[in-house]
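Take a look at the letters that make up each chain.
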Amino acid sequence: MRRPSGVVHRRWTIGLVLVAAVLPASCGDSAGTTAGSPAISPGTRISPGAAVSPGGSVGSGESGAAAGADPRDGAEPSPAVARCTAAGLAASLDAAPAEGTGQQQLHVIFANRSAAGCALYGHPGAQLRSATGDTWDLVRSTLVNPTRVVLAPGERAHATLAYLPTDPGDGTGNPVFAPVTLVLTPPDERDSLSVPWTRGPVLRQDGATHPGTYISAFEPGA
């Protein structure tokens, strides 16, 4: 049976209307954005308040700097204080100890005589020398923990030197070392400073495992 031609025409008209209604919703770029909206790459993080340009790039609204950046970032740190050198130091010993033959202690004092600040860390080298050229390198004690001591011009630091005095005529026959000079070397230096040794003979223990004469690490002040 033959259908009226008007029915066919109406069906084609309805089909065209449906296609026209679907096309605007499906048109756009491959990322699913609609025409006229910016394209943002996957994984892009957008900070609160960031501006999105028409081309799709994300900006902070500030030229050449990230939003919230601290202007102090990247500032040059203050220059480190150089270590003290023998040429910039003066050495001395403190007052004479009390009388007796028990173990004594004295302060070996280093003063910064340069025009700039400097730092001491660790132990000074300490060597006793006799009039005949005999030497005794003192062991470094661990009784004082090493700390970095910064000295402004004119300031002082000290290391404690413990020693055992002895009397060569006491009849004990103990070995005696008779120093006349104390040679001091600042840490990491090759040049030395010398001060007279006026404390008399000491019990010689340069071969002992735990001698009673030794030098400690630096501490602030005299």
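Our structure is the block above this text.
This write-up is about the structure you can find in this document. (Residues numbered from 1 in each chain as written. Predicted model: local features only at pLDDT ≥ 70, side-chain atom pairs only at ≥ 80, totals over all residues. Heavy atoms only, no water.)

1. A few points about the packing of aromatic side chains
Given two aromatic rings, one states the distance between the centres and the angle between the planes to describe the pair. Quick note on the threshold: Note on aromatic pairs: the rings of Phe, Tyr and Trp (six-membered ring only in Trp) are paired at centre separations within 6.5 Å, and the planes decide the class, stacked below 30 degrees, edge-to-face beyond 60, tilted for the rest. Note on conventions: DSSP H or I runs of at least 4 residues are helices, E runs of at least 2 residues are strands, and numbering of each starts at the N terminus. Each residue gets one of three labels from its accessible area relative to the maximum for its type: buried under 20%, exposed over 50%, partly exposed in between, using a 1.4 Å probe on protein chains only.
Summed over all chains, the structure comprises 3 aromatic pairs. Between F110 and F218 the ring centres are 5.2 Å apart and the planes differ by 85°, which places this aromatic pair in the edge-to-face class. Taken as a pair, F110 in strand β4 (residues 104-112) and F218 in strand β15 (residues 214-220) lie far apart in primary sequence, 108 residues in all. Of the two residues examined, F110 and F218, each falls in the buried class. Residues Y163 and W197 carry aromatic rings whose centres are separated by 5.2 Å and whose planes lie at 80° to one another, so their mutual orientation is edge-to-face. Note that Y163 is positioned in strand β10 (residues 156-163) and W197 in the loop between β13 (193-196) and β14 (202-203), a separation of 34 residues in sequence. Each member of the pair, Y163 as well as W197, carries the same accessibility label: buried.

2. Section: the state of the cysteines
Disulfides are covalent bonds that connect the sulfur atoms of two cysteines. Cut-off, in case you're wondering: The disulfide definition used here is simple: a pair of cysteine sulfur atoms within 2.5 Å.
Taken as a whole and assessed by the stated rule, the structure comprises 1 disulfide. Residue pairing for C84: its cysteine sulfur links by disulfide to C118, the two sulfurs lying 2.0 Å apart. Handedness of the C84-C118 disulfide follows from its S-S torsion of about 85°: it is right-handed. Taken together, the positions of C84 in the loop between β2 (58-59) and β3 (89-93) and C118 in strand β5 (residues 118-121) put the pair 34 residues apart, joining distant regions of the chain. An identical accessibility class is assigned to C84 and C118; each is buried.

3. Quick word on the sheet that holds strand β7 (residues 135-137)
The condition that has to hold: Pairing between strands is defined by DSSP: at least two bridges between the two strands are required. Orientation is described by lines fitted to C-alpha atoms, with helices fitted over the stretch in contact, and by angles between N-to-C directions that extend from 0 to 180 degrees.
In spatial order, the strands read β7-β6-β12-β13; together these 4 strands make up an open sheet with antiparallel pairing. Here the strands that pair on one side only, and so sit at the sheet edges, are β7 and β13. Taken pair by pair, the neighbouring strands of this sheet meet at an average axis angle of 25°, ignoring direction. Pairing of strand β6 (residues 125-130) with strand β12 (residues 179-185), which is carried by 6 bridges, proceeds in the antiparallel orientation. Bridged to L128 within β12 is L182.

4. Overview of the sheet that holds strand β8 (residues 139-140)
If you walk across this open sheet you meet the 5 strands as β3-β4-β10-β15-β8, and the pairing is mixed. What marks the edges here is a single partner per strand, and that holds for β3 and β8. Where β10 meets β15, 5 bridges bridge the pair, whose relative direction is antiparallel. Each bridged residue has a counterpart across the sheet, and for A159 the counterpart in β15 is F218.

5. Brief notes about the side chain of N112
Worth spelling out the cut-off: As used in this structure description, the phrase polar contact means that two N or O atoms lie within 3.5 Å; if the pair is within protein, one of them must be able to donate a hydrogen and the other to accept it, and residues adjacent in sequence are counted only when both atoms belong to side chains. Contact definition: two residues touch when any of their heavy atoms are within 4.5 Å.
By the secondary structure assignment, N112 is in strand β4. Here the side chain of N112 touches A116 through a polar contact of 2.9 Å, landing on its backbone oxygen. Sequence-distant contacts of N112, defined by excluding residues within four places in its chain, comprise G88, L89, G117, C118, L151, A152, P153, G154 and E155.

6. Focus: the pairing of β6
Of all 6 residues making up β6, 5 are buried, and the element is well covered by its neighbours. Pairing of β6 with β7, which is carried by 3 bridges, proceeds in the antiparallel orientation. Bridging from a neighbouring strand, Q127 pairs with D137 of β7. In sequence, β6 turns back onto β7 through a hairpin of 4 residues, with G133 there showing a positive phi of about 90°.

7. Describing unusual backbone geometry
Even without glycine at this site, D188 takes up a positive phi of about 65°. Within the secondary structure, D188 is located in the loop between β12 and β13. Residue D188 is classed as exposed on the basis of its relative accessible area, which comes to 67%.

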